[in-house]
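# Working through the structure, step by step
What follows is the residue order along each chain.
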Amino acid sequence: MSDTFVDEVTKQLSDTSIESSGVSFEGKSLKLDTEDDAREIIQAISSCQNLHYLNLEGNTLGVDAAKGIAKALESHSEFKRALWKDMFTGRVKTEIPKALQFLGSGLVLSGAQLVELDLSDNAFGPIGVEGLAVLLRSHSCHALQILKLNNNGLGIGGGKLLSRALLDCYNKSRESGRALALKVFIAGRNRLENEGTKALSEVFKTLGTMEEVAMPQNGIYHVGITALSEAFIQNPNLRVLNLNDNTLTIKGALALAAALPNLQKLQEINLGDCLLKTKGAMSIAAALAEGHEELQKLHLGYNEIGPRGGLELARAMRNKEKLILLDLDGNMFGETGRQELQSELKDSGRLGTLGSLNEDENEDEGEDEEDDDDDDGGEEEEEEEEEEEEDEEDIETVESESEDRTVMKVDFGDLKKAIQEIQDVKLNDNQATGHKPVEDTRVVSVPEFLQHPTQEHFLLLGNNRLELIMKEIKDCNDDSYLEKLVMTLMKVSSLTANSSEQTKQAALSCSDALYRELFKWAEEHEQSSIANNSLLVHLGLIKSEDKKMKLAWNLDGCMGALEQAIKQDYFPQGTRETLQLFLRRPNLSMDAFPATKHKLMSTLCEF
């Protein structure tokens, strides 16, 4: 396409960017409900002689608008790249599959052969995959090389449906003489868990053409990691592997280590925040020591790796001439361990590749003891460790708050008693001793209450406490609104346990209003999956992206208030089902209150 033609079309289309091979409306924040609303885009598509890509990121597309754009796409058989991330904000979920079906039909009728499909950040959940599956099964995706579905809330069901669609695409494409050869698959933050991951592993194993697989933060435990590892063996061209913020543990690390010798083209590995610990890190180090000379970046931060593991990883880097980054921050090397690590890397000429160690913690005091046992053939301790790690898909790893951060066995009865002693603020002690209570005339602000969420401060907010709390939340900007709302909800609802009857009733009433506001916001902004995710994080049912986040509220009270909210008409059925799924898993923090958790589960089962 000549520069003159580009200039002419640019003049016709005011603020639209048309480059040499496509059309971009990226970041225009256009609300496109009808075909007429999409007229500018339709004209741009029609005017582009060689439409190799269409970028609609950051706009919101309705069904009728999608239908109009699809008609315009029908005349572009040369179309290759659908860059359609973040284009359904504010849409009802039932709209999304229809919109995707129309867009897909436009591509099918055009005879186009997609090379890249990016639908990230659309949060369309399993129902959106139904619309996507139609396109994936068509001949338009037989040449697909890049598939990006990051942050879409696919869930296990969506993962399985996606797997079936891709396998169907492969089988049909193979029959036509050119088998699907997908190279890049990106699907982080989708709650795929073990079952969804196992289904997608079958796709990778069947294709054997993967070069990049990125599935961070999907709640995958060693069962899913093992399935992926077996699939990776069939993909020798894999160059980038990102499993950040899943839970490998030693079992997953061993499974992946067994696959690594077959993956000699790896350039980047990201296993940060995967709970590898020292033994897991050592297994990865042993697998990387021989070969892997193409490796450029290795991310293993925040894995509770001790000095022995760090040293073995450093030794494994000796032959990595192309290495530019070794990320080991946030582990547990201690001062001596850091010095030994740096000395080894200096010796091999790799010191310049070492990333920051600013967040490294002191060495785990229990590591030396564990190492000694290992040296002496301490099979008993290994068996205990395996017992603690088995069935991670149903058991959440518990990190103690003690300095050595070792996994501890805690007596639930003692833990409950301790929590109650710490969090039980008795406002009515004067009544118990027969003294007349003195009226407290202090005034407490909402920020003061949130900083110190005690019963006393809550009551001192006054009878209009709900209005004050809601005003505080609504004064937040859009980016921090959800976090502030859910955090406040937890702090208020925690007061429904171990409290005076006055506090309990006031906190329940306030919690109910906050839950109502949460789901109203989620529906209005079409962010149900994001709201559910935030709720799960603040209830301690899944890990937060913020590694420094601590649960500073009483989960006994939070569960009690949640149990009441679940009964209300405003509470989404999808959220009930999500909670039921995660609450089936043992969780040390919640299991400290067995009666409350049982009542919560019983209420969920009624729906």
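Residues numbered from 1 in each chain as written. Predicted model: local features only at pLDDT ≥ 70, side-chain atom pairs only at ≥ 80, totals over all residues. Heavy atoms only, no water.

An unreviewed UniProt entry annotates the protein chain as Ran GTPase-activating protein 1 of Cryptotermes secundus.

What the protein chain contains, in helices and strands, is 26 helices and 14 strands. Taken across its 607 residues, the protein chain has 51% of its residues classed as buried. Residue pairs at least 24 apart in sequence account for 81% of intrachain contacts in the protein chain once pairs closer than 6 positions are excluded. Within the structure as shown, the protein chain displays about 27100 Å² of accessible surface, and the carbon and sulfur contribution to it stands at 46%. (Helix = DSSP H or I, 4+ residues; strand = E, 2+ residues; numbered from the N terminus. Buried < 20%, exposed > 50% of the residue type's maximum accessible area, 1.4 Å probe, protein only. Contact = heavy atoms within 4.5 Å. Areas by Shrake-Rupley, 256 points an atom, 1.4 Å probe, with all protein chains shown as cover.)

Mean pLDDT over the protein chain stands at 84; residues scoring 70 or higher make up 84%. Scored below 50 in pLDDT, residues 1-19 shows 28 contacts in the model against residues more than four places distant or in partner chains. Across residues 368-439, where pLDDT falls below 50, the model places 87 contacts with residues more than four positions away in sequence or in other chains. (pLDDT = per-residue confidence, 0-100.)

Another point: the pattern of salt bridges. One pass over the full model with this rule turns up 23 salt bridges. The shortest N-O distance in the salt bridge between E312 and R315 comes to 2.7 Å. One end of the pair is E312 and the other is R315, both in helix α11 (residues 307-316) and 3 residues apart, which spans about a single turn. Given a relative accessible area of 42%, R315 falls into the partly exposed group. The closest approach of N and O atoms between D347 and R318, which form a salt bridge, is 4.0 Å. Taken as a pair, D347 in helix α12 (residues 334-347) and R318 in the loop between α11 and β14 (325-327) lie far apart in primary sequence, 29 residues in all. Take R318: its relative accessible area is 40%, and that puts it in the partly exposed class. Among the ionic contacts, a cluster of salt bridges with common partners joins K31, D33, R91 and E95. (Salt bridge = Lys/Arg side-chain N within 4 Å of Asp/Glu carboxyl O.)

It is worth spelling out the nonpolar core at this point. With 101 residues, the main nonpolar core has I69, W84, L117 and L162 as its most contacted residues. A per-element tally of this core places helix α6 (residues 155-175) first, with 6 residues. Setting aside its immediate chain neighbours within four residues, I69 contacts A38, I41, I42, I45, L54, L56, L61 and L103. One finds L450, A506, Y515 and L562 within the second-largest nonpolar core, a separate group that totals 51 residues. (Core = buried A, V, L, I, M, F, W, Y, C linked by side-chain atoms within 4.5 Å.)

Turning our eyes to something else, we now look at unusual backbone geometry. Non-glycine residue A123 carries a positive phi angle of around 45 degrees. Within the fold, A123 resides in the loop between β7 (116-118) and α5 (125-136). For A123, a relative accessible area of 12% corresponds to the buried category. Of note, the phi angle at D273 is positive, near 55 degrees, even though the residue is not glycine. Tracing the backbone through its elements, the reader meets D273 in the loop between β12 (268-270) and α10 (277-289).

What follows covers the packing of helix α19 (residues 465-474) against helix α21 (residues 501-524). As a packed pair, α19 and α21 sit with axes 10 Å apart at the nearest point and diverge in direction by 35 degrees. Once α19 is placed against α21, the crossing between them reads as right-handed. Contact residues: R465, L466, I469, M470, I473 and K474 in α19; A506, C510, A513, L514 and E517 in α21. In the contact of α19 with α21, the residues fall into 8 nonpolar, no polar and 3 charged. (Axes fitted to C-alpha atoms, helices over the stretch in contact; angles between N-to-C directions. Left-handed = near helix turned anticlockwise from the far one by under 90°. Nonpolar A, V, L, I, M, F, W, Y, C, P; charged D, E, K, R; others polar.)

Glancing now at the environment of L539. On the secondary structure map, L539 appears in the loop between α22 (528-538) and α23 (555-566). A residue is classified by how much of its surface remains accessible, and L539, at 0% relative accessible area, is buried. For L539, the residues in contact, after removing those within four places along its chain, are M490, L551, L555, C558, L562, L579 and M590.

Glancing now at the packing of aromatic side chains. Taken as a whole, this structure holds 7 aromatic pairs when the rule is applied. With a centroid separation of 5.3 Å and an interplanar angle of 65 degrees, the aromatic rings of F185 and F204 are classed as edge-to-face. Note that F185 is positioned in strand β9 (residues 184-186) and F204 in helix α7 (residues 193-207), a separation of 19 residues in sequence. In this structure F204 comes out as buried when scored by relative accessible area, which is 1%. R465 extends its terminal NZ or CZ atom over the ring of F458, reaching a point 5.0 Å from the ring centre. (Phe/Tyr/Trp six-rings, centres within 6.5 Å; stacked < 30°, edge-to-face > 60°. Lys NZ or Arg CZ within 6 Å of the ring centre and 35° of its normal.)

Before going further, it helps to spend a moment on α5. Between its terminal C-alpha atoms α5 stretches 16 Å, which fits the 16 Å expected from 12 residues at 1.5 Å a residue. Residues of α5 that are buried: G125, G128, V129, G131, L132, A133, L135 and L136. (Expected span 1.5 Å × (residues − 1).)

What follows covers the side chain of S529. Structurally, S529 is set in helix α22. The exposure class assigned to S529 is buried, which follows from its relative accessible area of 12%. When residues no more than four places from it in sequence are discounted, the contact partners of S529 are A123 and R191.

On to the packing of helix α8 (residues 222-232) against helix α9 (residues 249-259), then. Where α8 contacts α9, the two axes come as close as 8 Å, and the packing angle between them is 0 degrees. Taken together, α8 and α9 sit at an angle that is classed as roughly parallel. Contact residues: α8 offers H222, I225, T226, S229 and F232, while α9 offers T249, K251, G252, A255, L256 and A259. Residues of the contact of α8 with α9, tallied by class, amount to 5 nonpolar, 5 polar and 1 charged. (Parallel < 35°, antiparallel > 145°, perpendicular 65-115°, else oblique.)

Another aspect to go through is the environment of S110. Relative to the elements of secondary structure, S110 occurs in helix α4 (residues 95-110). As a C-alpha pair, S110 and S140 span 30 residues in sequence and 8.9 Å in three-dimensional space. If near-sequence neighbours (up to four positions away) are discounted, S110 is found in contact with L73, E74, H76 and S77. Of note is the side chain of S110, whose polar atom sits 2.6 Å from the backbone oxygen of L107. (Polar contact = N/O pair within 3.5 Å; in protein donor to acceptor, adjacent residues only side chain to side chain.)

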